[in-house]
Amino acid sequence: EAEVAQSPRYKITEKSQAVAFWCDPISGHATLYWYRQILGQGPELLVQFQDESVVDDSQLPKDRFSAERLKGVDSTLKIQPAELGDSAMYLCASSSYRGLGNEQFFGPGTRLTVL
Amino acid sequence: GQQLNQSPQSMFIQEGEDVSMNCTSSSIFNTWLWYKQDPGEGPVLLIALYKAGELTSNGRLTAQFGITRKDSFLNISASIPSDVGIYFCAGPGQNFVFGPGTRLSVLP
């Protein structure tokens, strides 16, 4: 069964360091999402790609966060420099549809701890 | 920004009981999605609703798209221990938004 792949599953870093997360969506899925989930809360959308283009990054803290999907397939989310408040689960999801509201399938997430 | 509210925030039930939870929004949604998340894992899609009044089932789960398009309901019948987890509603507002979740505990 096709799945969204994410790596690493866990990451521990010190504040002010740079971190990067990788996501490989389900094959053929045009839309890719990155979410941040703080413990005890629902996921919060950071950025949405359609193919290689950013559709929505209104909630991405652009002073320290960046995301790219250069060939419209896999994607990387980077944080530089990491801050203590960035400790959270970072989730990637993909969808075969080209709009809002359609079924998204999530990867297992990357748990980030910033010390 | 747009927010979703879920109730109850948490619930403890006996195995075999039925469960009801709901999700509300201050604005109209055209789609409602229900997800379940286990600890340390990503959310798993349970049910998707696309039409006001729609009632959709997936095994022991049944979800409804509210007539006002501002709410949705999820019911679980005859709960079992593996139903334990956090249930999220989600939908497309100004951007895709998730509710805060309902945490379900099932007592044997």
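All values reported here derive from a predicted model rather than from experimental measurement.

A. Quick look at the sheet that holds strand S6 (residues 55-58) of chain B. Residues and elements named next belong to chain B. With respect to topology, 5 strands assemble into an open sheet ordered S1-S3-S8-S7-S6, the strand pairing being antiparallel. Lying at the two open borders of the sheet, with one neighbouring strand each, are strand S1 (4-7) and S6. Across this sheet, the average inter-strand angle for adjacent strands is 15 degrees, counted without regard to direction. For S6 and strand S7 (residues 61-65), the ladder comprises 4 bridges, and the chain directions are antiparallel. Bridging from a neighbouring strand, Thr56 pairs with Ala63 of S7.

B. Spatial organisation of the layout of surface pockets. Here the second largest pocket is characterised by a volume of approximately 340 Å³. Looking at the lining of the second largest pocket, the elements that each hand over two or more residues are strand S10 (105-106) of chain A together with strand S5 (44-49) of chain B. Of the residues that constitute the lining of the second largest pocket, the class distribution is 9 nonpolar, 4 polar and 4 charged.

C. Quick peek at the pairing of strand S3 (residues 19-25) of chain B. Residue and element names in this part refer to chain B. The two faces of S3 differ: Val19, Met21, Cys23 and Ser25 on one face are buried, but Ser20, Asn22 and Thr24 on the other face are not. Of the pairings in the sheet, the one linking S1 to S3 comprises 4 bridges and is antiparallel in character. Paired with Leu4 across the bridge in S3 is Ser25. In this sheet, strand S8 (residues 71-76) lies alongside S3 in antiparallel orientation, the contact comprising 6 bridges. Bridging across to S8, Ser20 finds its partner in Asn75.

D. A look at the pattern of salt bridges. Tallied over the full model, the rule gives 7 salt bridges over all chains. Two residues, Lys36(B) and Asp38(B), come together in a salt bridge whose shortest N-O distance is 2.7 Å. The partly exposed category is assigned to Asp38(B), whose relative accessible area is 35%. What emerges from the salt-bridge pattern is a single network uniting Arg64(A), Glu83(A) and Asp86(A).

E. Summary view of the sheet that holds strand S1 (residues 5-7) of chain A. Residues and elements named next belong to chain A. In space, the 4 strands of this open sheet follow the order S1-S3-S8-S7, with antiparallel pairing throughout. Looking along the sheet, the strands with just one partner apiece sit at the ends: S1 and strand S7 (65-68). Recorded for the sheet is a direction-independent mean angle of 15 degrees between the axes of neighbouring strands. Where strand S3 (residues 19-24) lies against strand S8 (residues 75-79), 5 bridges are found, and the strand directions are antiparallel. Paired with Phe21 across the two strands is Leu77, which belongs to S8.

About the criteria used
- Residues numbered from 1 in each chain as written.
- Chains lettered and ligands numbered in written order.
- Predicted model: local features only at pLDDT ≥ 70, side-chain atom pairs only at ≥ 80, totals over all residues.
- Heavy atoms only, no water.
- Pairing = 2+ DSSP bridges.
- Helix = DSSP H or I, 4+ residues; strand = E, 2+ residues; numbered from the N terminus.
- Axes fitted to C-alpha atoms, helices over the stretch in contact; angles between N-to-C directions.
- 1 Å grid on protein atoms, 1.4 Å probe; cavity = no way out; pocket = protein on both sides within 12 Å on 5 of 7 lines; lining within 4 Å.
- Points joined across faces, edges and corners; volume = space filled by probe spheres on them.
- Nonpolar A, V, L, I, M, F, W, Y, C, P; charged D, E, K, R; others polar.
- Buried < 20%, exposed > 50% of the residue type's maximum accessible area, 1.4 Å probe, protein only.
- Salt bridge = Lys/Arg side-chain N within 4 Å of Asp/Glu carboxyl O.

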